[in-house]
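This is what each chain is made of:
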Amino acid sequence: MGKKNNQISIIFWGVRGSTPCANKENMVYGGNTTCVQVTIPQSDELLILDSGTGIRNLGNRQNGNTKVRGRIFITHPHWDHIQGFPFFKPIYGSKNQFEIHMPEQEDGGCKEILSGHLTKTFFPVTLEMIDANLKYVTQSPEKVEYDGYSVEYMLANHTTNTAIYKIEIDGTTIIFCPDNELEPEAIKAGRDYYAKLESFFEGADILIHDGQYSLESYEGKHGWGHSAWEIVVDFARQAKVKNLFITHHDPDSTDQDLAELDQKLQRKYAPFFNTIELAKEGTQLLI
Ligand SMILES: [Zn+2]
Ligand SMILES: [Zn+2]
């Protein structure tokens, strides 16, 4: 069995949006796509958010464990959120157990979507070839209690049914929202959805939010499902979020671009948050 933790922690295994980018100018913030691990105090269960290519490194860390169990909450099945799944080695251990959760999609529930993606046409491994005991859960938004934490979600403003997961662990709230388009005009116009979203975010301890673009690069990309960081910062301030981590970095944003933005965020907005920074692959936050 795995080691038990006494503290909540968050590990960023992948913070890149859209596609992995294995270029040397991306290595500081990281080139793997979305995957975040949350550790639950006194639990050896793996809690994983999304299975982008970052999940491969997470899986490789489990080598010493003969019995691995956990839950993977997938926000939505866009490639950058599921591409790492067949490279997550613990799914090939027959003693391991995982539940895979995903909101219902137009083409079906969690199992239909994953098996549709893992066919011989697209990849050599199919779901039938996976040895671990896997359960597929088509998740509904209502709060569900698990061992030591609860999960609920609200739908994002994205191009397919996409969860914004809220995880609560002993009074600490972590919101995971890697793909969500905050539309400046609709927010200004007071559209209902944004009032609901603001109250969903209200007072969150940790918000991990899509900020793939700047207002400048967002021009011409309205409706693509991603946010400009300026709007994310304003929205999070409005919702009194305590710690904001911006993620889903554009594959064309270099380390230099991101480091400059990181400094700017801290210079301008540090007084309004306990933490405001860009998510960086390999970082572990202790809460
Ligand atoms: Zn994405
Ligand atoms: Zn997406």
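Rules used throughout
- Residues numbered from 1 in each chain as written.
- Chains lettered and ligands numbered in written order.
- Predicted model: local features only at pLDDT ≥ 70, side-chain atom pairs only at ≥ 80, totals over all residues.
- Pairing = 2+ DSSP bridges.
- Helix = DSSP H or I, 4+ residues; strand = E, 2+ residues; numbered from the N terminus.
- Axes fitted to C-alpha atoms, helices over the stretch in contact; angles between N-to-C directions.
- Core = buried A, V, L, I, M, F, W, Y, C linked by C-beta atoms within 7 Å.
- Buried ≥ 20, exposed ≤ 12 C-beta atoms within 10 Å, placed from the backbone.
- Contact = placed C-beta atoms within 7 Å.
- Right-handed = clockwise from strand over helix to strand, strands pointing away.

Engineer: It is not clear to me how the sheet that holds strand 5 (residues 97–103) should be interpreted in this structure. Could you clarify?
Structural biologist: Two strands in a sheet stick together by hydrogen bonds in their backbones, pointing the same way (parallel) or opposite ways (antiparallel). Across the sheet, 7 strands lie side by side as 6-5-4-3-2-1-14; this open sheet has mixed pairing. Each of the sheet's edge strands pairs with one partner strand only, and the pair in question is strand 6 (133–139) and strand 14 (284–286). Sheet twist, expressed as the mean angle between neighbouring strand axes with direction ignored, is 20 degrees. Sheet analysis places strand 4 (residues 69–73) next to strand 5, joined by 5 bridges and oriented parallel. Considered in strand 5, the bridge of arginine 71 is made with glutamate 99.

Engineer: Would you mind showing me how to read the nonpolar core here?
Structural biologist: A general tendency of soluble globular proteins is for nonpolar side chains to be buried together. Ranked by internal contacts, the top residues of the largest apolar core, which has 71 residues, are Val36, Val38, Tyr165, Ile175, Leu207 and Ile208. Looking at which element gives the most residues to this core, the answer is helix 7 (residues 229–238), with 6 residues. If we skip the residues at most four places from it in the chain, leucine 207 touches Ile175, Cys177, Phe201, Ala236, Val241 and Leu244.

Engineer: I keep staring at the sheet that holds strand 13 (residues 275–278) and nothing clicks. Help me out?
Structural biologist: Ordered by their spatial adjacency, 7 strands build an open sheet running 7-8-9-10-11-12-13, and the pairing between neighbours is mixed. Looking at which strands have only one partner, the edges of the open sheet turn out to be strand 7 (144–146) and strand 13. Adjacent strand axes in the sheet meet at a mean angle of 20 degrees when their direction is disregarded. Sheet analysis places strand 7 next to strand 8 (residues 149–155), joined by 3 bridges and oriented antiparallel.

Engineer: Please clarify how unusual backbone geometry should be interpreted in this entry.
Structural biologist: Excluding glycine, residues mostly have negative phi values, and the peptide bonds linking residues are mostly trans. In this model, glutamine 42 sits at a positive phi of 60 degrees, which is unusual for a non-glycine residue. With respect to the secondary-structure elements, glutamine 42 resides in the loop between strand 2 (35–39) and strand 3 (46–49). Here the phi dihedral of aspartate 50 falls at roughly 70 degrees; this positive angle occurs in a residue that is not glycine. Within the fold, aspartate 50 resides in the loop between strand 3 and helix 1 (55–60).

Engineer: Would you mind showing me how to read the pairing of strand 5 here?
Structural biologist: Regular strands place side chains that alternate from one sheet face to the opposite one. Counting buried residues along strand 5, 5 of its 7 residues qualify, which places the element largely inside the surrounding structure. Where strand 5 lies against strand 6, 7 bridges are found, and the strand directions are parallel. The residue bridging glutamate 99 from the neighbouring strand is lysine 135, located in strand 6. Once the chain exits strand 5 it traverses helix 3 (residues 110–117) before rejoining the sheet at strand 6, and the crossover so formed is right-handed.

Engineer: Quick question: what am I supposed to make of the pairing of strand 10 (residues 172–177) here?
Structural biologist: Where strand 9 (residues 163–169) lies against strand 10, 5 bridges are found, and the strand directions are antiparallel. Each residue of the ladder has a partner; that of tyrosine 165, found in strand 10, is phenylalanine 176. Joining the antiparallel neighbours strand 9 and strand 10 is a turn of 2 residues, in which aspartate 170 adopts a positive phi near 45 degrees. Where strand 10 and strand 11 (residues 206–210) come together, 4 bridges link them in parallel fashion. Counterpart to isoleucine 175 in the pairing with strand 11 is leucine 207.

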